[in-house]
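# What the coordinates show
Residue-level listing of the chains:
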Amino acid sequence: QSYLDNFWPDLKAAHELFDSILQARRERESESQENHGKEYPEHLPVEILEAGIKSGRYLQGTLNVNKHRAQLEAFVRLQGFGSKDTG
């Protein structure tokens with residue numbers, strides 16, 4: 001803000017862009033606070049997921065996505081299984 005005020009006081013478009021970015025950032029921060037600091041809302045509460053993993057209803061793993069073909073290639077590596085056992 002001070003840079004724009006000091007060096008570009010007459011550049012209205014830059015000031016409007018800065019204000020827009022600042023407003024978007026504030027909205028994102030307020031949404032983050034509503035979600036307790038999490039970027040995405042949880043699908044199920046943590047307690048249900050933990051109970052499901054313990055009972056064997058759910059499996060825990062790591063999602064690996066091909067960065068070059070993200071919409072076409074991905075796999076899940078299950079925890080507790082060897083590196084060759086993927087689903």
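Residues numbered from 1 in each chain as written. Predicted model: local features only at pLDDT ≥ 70, side-chain atom pairs only at ≥ 80, totals over all residues. Heavy atoms only, no water.

## Some thoughts on the overall build of the protein
Counted only if it meets this: Helix and strand definitions follow DSSP, with helices as H or I runs of at least four residues and strands as E runs of at least two, each counted in order from the N terminus. Only protein chains enter the accessibility calculation, which uses a 1.4 Å probe. A residue is then buried if its area is under 20% of the maximum for its type, exposed if over 50%, and partly exposed in between. It only takes one pair of heavy atoms within 4.5 Å for two residues to be counted as in contact.
Each helix and strand in the protein was counted, giving three helices and two strands. Each helix and strand of the protein, ordered N terminal to C terminal, gives the series α-α-α-β-β. Of all 87 residues assigned to the protein, the portion counted as buried reaches 5%. Relative to all contacts within the protein whose residues are 6 or more apart in sequence, the contacts with residues 24 or more apart total 0%.

## A short note on the confidence of the model for the protein
For the record, the criterion: Known as pLDDT, the predictor's confidence for each residue is given on a scale from 0 to 100.
Scored by pLDDT, the protein has a mean of 85; 83% of the residues are at 70 or more. Within the protein, helix α1 (residues 2–7) carries the highest mean pLDDT (94), whereas helix α2 (residues 12–34) carries the lowest (89).

## Examining the side chain of histidine 15
Among the secondary structure elements, histidine 15 is positioned in helix α2. Residue class for histidine 15 comes out buried when judged on its relative accessible area of 16%. Residues within four places of histidine 15 in sequence aside, it is in contact with Gln1, Leu4, Asp5, Trp8 and Pro9.

## Some thoughts on the pattern of salt bridges
Here is the rule: Salt bridge, as applied in this entry: a Lys or Arg side-chain nitrogen positioned within 4 Å of an Asp or Glu carboxyl oxygen.
A complete count under the given rule lists three salt bridges for this structure. Where lysine 12 meets glutamate 16, a salt bridge forms, and the shortest distance between an N and an O atom there is 3.9 Å. One end of the pair, lysine 12, and the other, glutamate 16, are both in helix α2, four residues apart, so they sit about a helical turn from each other. Here lysine 12 falls in the exposed class, since its relative accessible area comes to 59%. Residue class for glutamate 16 comes out partly exposed when judged on its relative accessible area of 47%. Residue glutamate 29 is joined to arginine 25 by a salt bridge in which the shortest nitrogen-to-oxygen separation is 3.3 Å. With glutamate 29 and arginine 25 both in helix α2 and four residues apart, the pair spans about one turn of that helix. For glutamate 29, a relative accessible area of 41% corresponds to the partly exposed category.

## Brief notes about the packing of aromatic side chains
As a reminder of what qualifies: Put simply, two rings from Phe, Tyr or Trp (the six-membered ring, in Trp's case) pair if the centres are within 6.5 Å, and we call them stacked under 30 degrees between planes, edge-to-face over 60, tilted for the rest.
The final tally for this structure, using the stated rule, is one aromatic pair. Consider the rings of tyrosine 3 and phenylalanine 7, whose centres lie 5.2 Å apart with planes at 40°: the pair is tilted. Pair noted here: tyrosine 3 and phenylalanine 7 are both in helix α1, with a separation of four residues, about one helical turn.

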